[in-house]
Structure formats: structure tokens, C-alpha cells
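Here are the chains, one letter per residue:
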Number of protein chains: 2
Amino acid sequence: MKEPLSSLMQTMIPAVEQEMRSVLQAEDKQKDLFYGMMHYHLGWVDENLRAIQVVAGKRIRPLICLLVARAAGGQWQQGIPGGAAIELIHNFSLIHDDIQDASLTRRGRPTMWQIWGANQAINSGDAMFSLSHVALSRMIERGVSADIVVHALRRLDETCVALTIGQYLDMSFENRPEVTVDEYLEMIEGKTAALLAYSAELGASIGQVPADNVQHYASFGHDLGLAFQVRDDILGIWGDESVIGKSSATDIVTRKKSLPVLFGLAESAELRKLYMTEESDDEFVRQVVNLLDTVGARQVAEAYEESYASSALQHLEAALPLGEAANALKQLTELLLNRDS
Amino acid sequence: MKEPLSSLMQTMIPAVEQEMRSVLQAEDKQKDLFYGMMHYHLGWVDENLRAIQVVAGKRIRPLICLLVARAAGGQWQQGIPGGAAIELIHNFSLIHDDIQDASLTRRGRPTMWQIWGANQAINSGDAMFSLSHVALSRMIERGVSADIVVHALRRLDETCVALTIGQYLDMSFENRPEVTVDEYLEMIEGKTAALLAYSAELGASIGQVPADNVQHYASFGHDLGLAFQVRDDILGIWGDESVIGKSSATDIVTRKKSLPVLFGLAESAELRKLYMTEESDDEFVRQVVNLLDTVGARQVAEAYEESYASSALQHLEAALPLGEAANALKQLTELLLNRDS
């Protein structure tokens, strides 16, 4: 990875990790299962609560928050509790998503509900939600004014409402034969774009830049989130299995209503017919990919991705970011969008 | 009901209800299922989202908050968003509890998860959790200072952590043969006492009384919560079925580890043996109640209740509450503890 992103990451991410460990009492409550379930989910311990070190998420959201704080001329250290809060909200939503999707594994390990049951996992997600707010309010202890913290908390919860609206739509789609591209975009605005928008907005609020610039940073995060999600959808079908760690067929076999698929379903009667069958073998997957290729679904999705990405970069520029953090934000954007996993 | 409690209630509870309706967009989003599920749970609509009026909870917690705000010399109207927040937290926890306990009905109506499934209900609870925080932050718009609001939010989330610890313990107890009375008390401290303590504490913070008095108000709420829960346990066994609306046998048949039962299990080998059987008929219930009566479990539980109640009233007095709200708080305490449902 290139400079300055590489060295800023190496300073910022461990600082956020340390803050999360402090909020979640990672040292004091090492043997306590109430905290231990959360420690497990975050990759700090194994299912017997023994300390381990696994890669549990890239911590992209807090990184964006802190890079923006610095690019906005703020002291990025003041944003560390905010970064921790964002990462904890993200992980709270993953714990509940895994129950709702009946996912057996996450990041190569059994999901929390698989080990301790859905009831405890619902409760553990609730606990992490609360602790995320506790984390954010710790910005006070780093000298951020009460006015800024109250506003940041209000916006965090409005963001969480957006997240739950996105999740509500996503679950509703499963029971509906037809979903439009517009409905899909509304869903990913809630599920993915809202929290990335908030990450950038929170960073900007620490820099105390004018409202217009805060808005540009938020739009940068928002559009980056949309581009990121569409990229995910593309990788879910055309990604290299050995790189993304799951069969690219999964999204097709489960009939996931991703952007390329929705476009394909709208364009191809043959695909609609195929999707109504119970098929799930390799031949089915091959046929689906073939039909998607024929109608140009990949190009359409890539056009969406590029359009969001370019809008994100325009907003970033309009926000007038400063110094090496500005470059790091551009590098991170490139990295997220050109990823093959 | 006696004055002044009666008239204060009639002013305060509708004000909180109005605030909750505003936060939950009860008029604008009447046909939107995302909001509609929450409206249903709160008793504002039926399962087809048609407006109805049912008794959905007594709104005791916000009432305590606002009575304390007034007794502490504050403008109780400033606490209305706080009261709404507390009631929403309480109801969020009920939505998730109903899933965890597999409860089919609540207040005589099908539970949310029974109608819309557990996945949507988990998410709806999460949404209400977020909106509760949004409600609290609206105290700013009523002229409460940012310092007080940030602190109130911090304490709300610490209270929610206590709630989830209580729920964690409660679920853990189901899988354990032996639970001590101390463990039980730790559990109800989280599940019941913490939010009542917070209700009183929040009210006191609006009155801006000295820290010592805030602490006395919090302890009043805390001990009232413990007494209230023990009363619930007693009614769960010796309550009049026609009044409490559920068979008093339910707690026994489900082997609920309530305070009288834990005492009975510790004292009577015969009861321990009986509880290990699969029995659930009327004869079983009669035998259990008999054994509980023999070892004096009811008297023990009542002694706990009275001790907590008297401690609650002592703290209330030590908090130096003012005017008619002080009397109303005493009346409410009496009412909650002498209830037979």
C-alpha cells in the first residue's frame, strides 16, 4: 500500500482498536461471557474466550472518520472514540444480520448465534449498540464540546434509523417477486451508504469546517458507500472465488436481489423464468451468468459504480481536504473500488 | 385514584404519548409498515395499521421521570422527551424479550414477532432503540443544556448495558440447575431496577438539584424497581388469575426462577425433586404452592418487598422533594406496591 495512506492507517486503526478494547473492557472482563461474546465477534478471543488475533474486519469506517477529521484540519485523536463508536455500530448490525440471514460463518469463523444461540446473540447485539453510544460520548473526555457531541449522537441515531430502514427493505425484498432498481438503491442507501456518510460527517464535525464542507464530506462517504456496495454485488457474481473466499455462485443460488441481477431480471424473460425454478447446480449458475452477460448486466453495474465513485471524488474535492490525509482519502477510495475481494 | 397523583398523571402521560407519536411519526407514516410495526407494539394501530386505542402499558417510568423533575424544582415539560425516550427503551426491550421468551401474546394481543416474524421484530426493536435516543436528544429543543443532555445520553446507554446484563443473566439462568438469591437480585437489578433508577435520575437532572439529591432520587427508583419486581414474583404465584390476566400457574409450570421459588428450592428437597419432573398439571401446581407455603416463601418474598419499599421511601424523603409532586410520588409508590395486578 502506498504512502501516506499506509502510515496513517498504521497509526489510526490501532488507536481505534485500543479505544474499542477499553469501552468493551477487553482486559478486565476477559473471562466474563457477557463481554466475551462481543470480544469473540470482534476477533479478540476464540469461542472459549482465549485471546487470539484474527483479521475481523478492515475497520474502513473509523479510518474514513479519522482521515476526514485530519483532512478537515481537526485533531484526529479527538475522533478516536467516534471511530470506535462507528465500528461498534457496524458490528452490532452484523451480529443481528447474521441471525436474520441465518448465516453460519463470518470471516471464516462460526457466527455468534451459531455458538451461543440466537437469543443471546440478539441481546449481545443490543449491548454492543449501547456501548457504541457510550464510546461516542467519550469524545467529551478528549475535549470535544458538548454541543458537538450531542449533535454527533443525534446524527448517529438518525443513521441507525436509516440502517434499520435499509435492513427492513432488504428483508421485505425476499418475499417479493419484483424489486425495482430504485427500490434496491433505497435499500443500499440505508444498509451501506448511511454509515459511511456518517463516518465522514463525524470526522468533518471534529474539524469544525463550514456546514457546506461537512455536507460535501458526508456526500463523499454516501456515494463511496453506494459504489462500494455495487462493487460488492459485481464481485458476488464475477469475483474470483479464490480471492473473495466464497463461491461466486452463492449470490446466484440464493437468488440474492443484487443490482446486476435486478437489471437482468428486468431485461430477460428467460432469466425471470430460470429464477422461478428450484435449480441450484453448476449448470444453473452457468446459465444465469450467461444471461446476465448477454443483457450487459455487468457493464450496467460497472457504470453505476463508476458514476458513484466519480461523484464521491468530486464531493471530496469540493470539501477542500488538507494535507496528506487528503491524499490518503483518495488512495483509500481507489483501493476500495478497484478491489477484487 | 387520589389527588394530586391523578391530575398530574392526566397531564403528564398524554404529553409523553404525544412526544412518542411525534418521534415515531405516528401521523405521517401511518401506512408505512416500518413505522407501523412499532405503532402496533405501542398500541396505536391494529395489525392492519388501522388506528385503535388499546391500553398498552401504564407508562409508569416516564411518569416517575416527570414527577421527579417537578419535585426537584425543575420544569417538568423539559423532561417530556426524556420520558418518551425511557418508555421507548422499555418497549424496545419488550419487543426483543418477546422473541427471546417465545411469548405469543402481550397485553392481550399477538406479539410483534408472531405477526411479522422474528427477523423483522429484531430489526424493529433496533429501530425503536435508535429512536429512543433521538427522543432524548430532543431535550435540547426544550432548552436543556448540551452538558445535561450529553450526560443524560451517557447514563441512558450505561443503563441499557445494565438492562442487557440483566437479560443475559435471566437467559443464562434457564440453563442452570441452581441459582442463588444473590444472583437473582443481580439479574433484576439489571432487568427492572436500572431503568427505574434512570427514570428518577433523569428527572432529578432536569431539576438541577445537588449530586447527593440526584443520587437519592436514583436510589429511590432503584429500590422501587426491586420492590416492584418482587411484587410481580409474588403475584405470579399467589395472584388472582381474574385480575392479573394470566393463570397464576404459568410461572410455576414454566419453572420460572422467581424469588419465592428460589427460596423454596433452597429450603425444600421435596420441591427440588418436584421441579426436576416433567409434571405440569393442576396437581403439580397445587403441590408446589403447598411446599412454598410450608417453607414460608411468600413471607420471605414479602419481607424483601417491604424492605426495598421502605428503603425507596427513605431515599425519596432524603431527596427533599417539593410540593404536590412529592405527594404524588409517594402515592404512586404505594399504588405500585399494593397492587394486585
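Residues numbered from 1 in each chain as written. Chains lettered and ligands numbered in written order. Predicted model: local features only at pLDDT ≥ 70, side-chain atom pairs only at ≥ 80, totals over all residues.

Observations concerning the interface of chain A and chain B
For step 1, the next point in the chain: With 32 residues of chain A at the contact, the number on the chain B side is 32 residues.
For step 2, the next point in the chain: Of all the elements in the fold, those that place two or more residues in the side of chain A that touches chain B are α4 (80–100), α6 (118–137) and α7 (146–174) of chain A.
For step 3, the next point in the chain: The element contributing the most residues to the side of chain A that touches chain B is α7 of chain A, with 15 residues.
For step 4, the next point in the chain: Tallied by class, residues from the side of chain A that touches chain B come to 17 nonpolar, ten polar and five charged. (Contact = placed C-beta atoms within 7 Å. Helix = DSSP H or I, 4+ residues; strand = E, 2+ residues; numbered from the N terminus. Nonpolar A, V, L, I, M, F, W, Y, C, P; charged D, E, K, R; others polar.)

Let's talk about the nonpolar core
The tendency in soluble globular proteins is for nonpolar side chains to be buried side by side.
For step 1, the next point in the chain: By size, the foremost hydrophobic cluster in this structure holds 218 residues, and its most contacted members are Leu-67 and Val-68 of chain A together with Leu-67 and Val-68 of chain B.
For step 2, the next point in the chain: Residue contacts for Val-68 of chain B: discarding those within four places in its chain leaves Ala-200, Gly-203, Ala-204, Tyr-217 and Leu-329 of chain B. (Core = buried A, V, L, I, M, F, W, Y, C linked by C-beta atoms within 7 Å. Buried ≥ 20, exposed ≤ 12 C-beta atoms within 10 Å, placed from the backbone.)

A look at the confidence of the model for chain A
Fine structural detail should not be taken from predicted coordinates in areas where pLDDT scores are low.
For step 1, the next point in the chain: A residue-level look at chain A finds 98% of positions with pLDDT of 70 or above and a mean pLDDT of 94.
For step 2, the next point in the chain: With a pTM of 0.96, the predicted complex shows an ipTM of 0.95. (pLDDT = per-residue confidence, 0-100.)

Topic: the relation of the copies chain A and chain B
Here the two chain copies are tied together by a rotation about an axis and a shift along that axis.
For step 1, the next point in the chain: At an RMSD of 0.0 Å, chain A and chain B line up after a rotation of 180° and a shift of 0.0 Å along the axis. As the rotation angle and translation indicate, the two copies are arranged about a two-fold axis.
For step 2, the next point in the chain: A shared binding surface is used by both copies, with 100% of the interface residues of chain A retained as interface residues in chain B. (Least-squares fit on C-alpha atoms with pLDDT ≥ 70 in both.)

Section: the environment of Leu-235 of chain A
For step 1, the next point in the chain: Mapped onto the fold, Leu-235 of chain A is located in helix α9 (residues 211–238).
For step 2, the next point in the chain: For the pair formed by Leu-235 of chain A and Arg-339 of chain A, sequence separation is 104 residues and the distance between their alpha carbons is 9.1 Å.

What to know about the packing of helix α3 (residues 60–71) of chain A against helix α16 (residues 323–337) of chain A
Residues and elements named next belong to chain A.
For step 1, the next point in the chain: Contact geometry of α3 with α16 gives a least axis separation of 7 Å together with a crossing angle of 145°. As for how α3 packs across α16, the hand of that crossing is left-handed. Residue-level contacts link Leu-63, Leu-67, Val-68, Arg-70 and Ala-71 of α3 to Gly-323, Ala-325, Ala-326, Ala-328, Leu-329 and Leu-332 of α16.
For step 2, the next point in the chain: In terms of residue class, the contact of α3 with α16 is made up of nine nonpolar, one polar and one charged. (Axes fitted to C-alpha atoms, helices over the stretch in contact; angles between N-to-C directions. Left-handed = near helix turned anticlockwise from the far one by under 90°.)

Some details on the packing of helix α11 (residues 259–267) of chain B against helix α13 (residues 282–295) of chain B
All names here are of chain B.
For step 1, the next point in the chain: Direction vectors running N to C along α11 and α13 enclose 75°, while the axes themselves pass 9 Å from each other. In terms of their interaxial angle, α11 and α13 are classed as roughly perpendicular. The segment α11 lies against α13, with Pro-260, Gly-264 and Glu-267 engaging Leu-291, Leu-292 and Val-295.
For step 2, the next point in the chain: Tallied by class, the residues present in the contact of α11 with α13 amount to four nonpolar, one polar and one charged. (Parallel < 35°, antiparallel > 145°, perpendicular 65-115°, else oblique.)

Brief notes about helix α1 (residues 5–23) of chain B
All names here are of chain B.
For step 1, the next point in the chain: For α1, built from 19 residues, the straight-helix expectation of 27 Å at 1.5 Å per residue is met to within 8% by its first-to-last C-alpha distance of 26 Å.
For step 2, the next point in the chain: Regarding α1, the residues found buried are Leu-5, Leu-8, Met-9, Met-12, Val-16, Glu-17, Glu-19, Met-20 and Val-23. When α1 is viewed along its axis, its buried side chains cluster within an angular range of 160° and face the same direction. Among the exposed residues of α1, those pointing more than 90 degrees away from its buried face are Ser-6, Ser-7, Gln-10, Thr-11 and Pro-14.
For step 3, the next point in the chain: Those residues of α1 that are buried lie in contact with α3 (60–71), α4 (80–100), α5 (112–137) and α15 (323–337). (Expected span 1.5 Å × (residues − 1). Arc of directions from axis to C-beta.)

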